[in-house]
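A closer look at the structure
Chain by chain, the residues run as shown.
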Amino acid sequence: MTDRLDAINLFIRVARTRSFSVAARERGVSQPTVSRAIAGLEKELGVALLARTPRAVALSEGGAD
């Protein structure tokens, strides 16, 4: 699941649902798998795509561009 296209699709799902857990359930994978895929994509691109807080996920400035 570390494929770039899978990571992009997961990012889109997280951005739409505003939840790592919901995106994971929709894809049938674990929440840590989603988190690692997004973190890998962010590292590869060199930009934070999501702003994470303990209660919410939102697009960061870099993720919205």
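The structure we're discussing is the one just above.
Described in the following lines is the structure provided in the data block. Source: prediction; values computed, not measured.

Within the largest apolar cluster, 14 residues are counted, with the highest numbers of intra-cluster contacts made by Phe 11, Val 14, Phe 20, Val 34, Ile 38 and Leu 50. When contributions to this core are tallied by element, the ones reaching two or more residues are helix H1 (4-17), helix H2 (20-27) and helix H3 (31-45).

At their nearest, the axes of H1 and H2 sit 8 Å apart, and the two run at 125° to each other. Considering the angle they form, H1 stands oblique to H2. Of the two possible hands of crossing, H1 and H2 adopt the one that is right-handed. Taken together, the residues of H2 that come into contact with H1 (itself represented by Asp 6, Asn 9, Leu 10, Arg 13, Val 14 and Thr 17) are Phe 20, Val 22, Ala 23, Glu 26 and Arg 27.

Glancing now at the packing of H1 against H3. The contact between H1 and H3 brings their axes to 9 Å, and the two run at 110°. It follows that H1 is roughly perpendicular to H3 by the angle criterion. Here Arg 4, Ala 7, Ile 8, Leu 10, Phe 11 and Val 14 of H1 lie close against H3, whose contacting residues are Val 34, Ala 37, Ile 38, Leu 41, Glu 44 and Leu 45. Considering only residue class, the contact of H1 with H3 consists of 10 nonpolar, no polar and 2 charged.

So, how was this worked out
- Residues numbered from 1 in each chain as written.
- Predicted model: local features only at pLDDT ≥ 70, side-chain atom pairs only at ≥ 80, totals over all residues.
- Heavy atoms only, no water.
- Core = buried A, V, L, I, M, F, W, Y, C linked by side-chain atoms within 4.5 Å.
- Buried < 20%, exposed > 50% of the residue type's maximum accessible area, 1.4 Å probe, protein only.
- Helix = DSSP H or I, 4+ residues; strand = E, 2+ residues; numbered from the N terminus.
- Axes fitted to C-alpha atoms, helices over the stretch in contact; angles between N-to-C directions.
- Parallel < 35°, antiparallel > 145°, perpendicular 65-115°, else oblique.
- Left-handed = near helix turned anticlockwise from the far one by under 90°.
- Contact = heavy atoms within 4.5 Å.
- Nonpolar A, V, L, I, M, F, W, Y, C, P; charged D, E, K, R; others polar.

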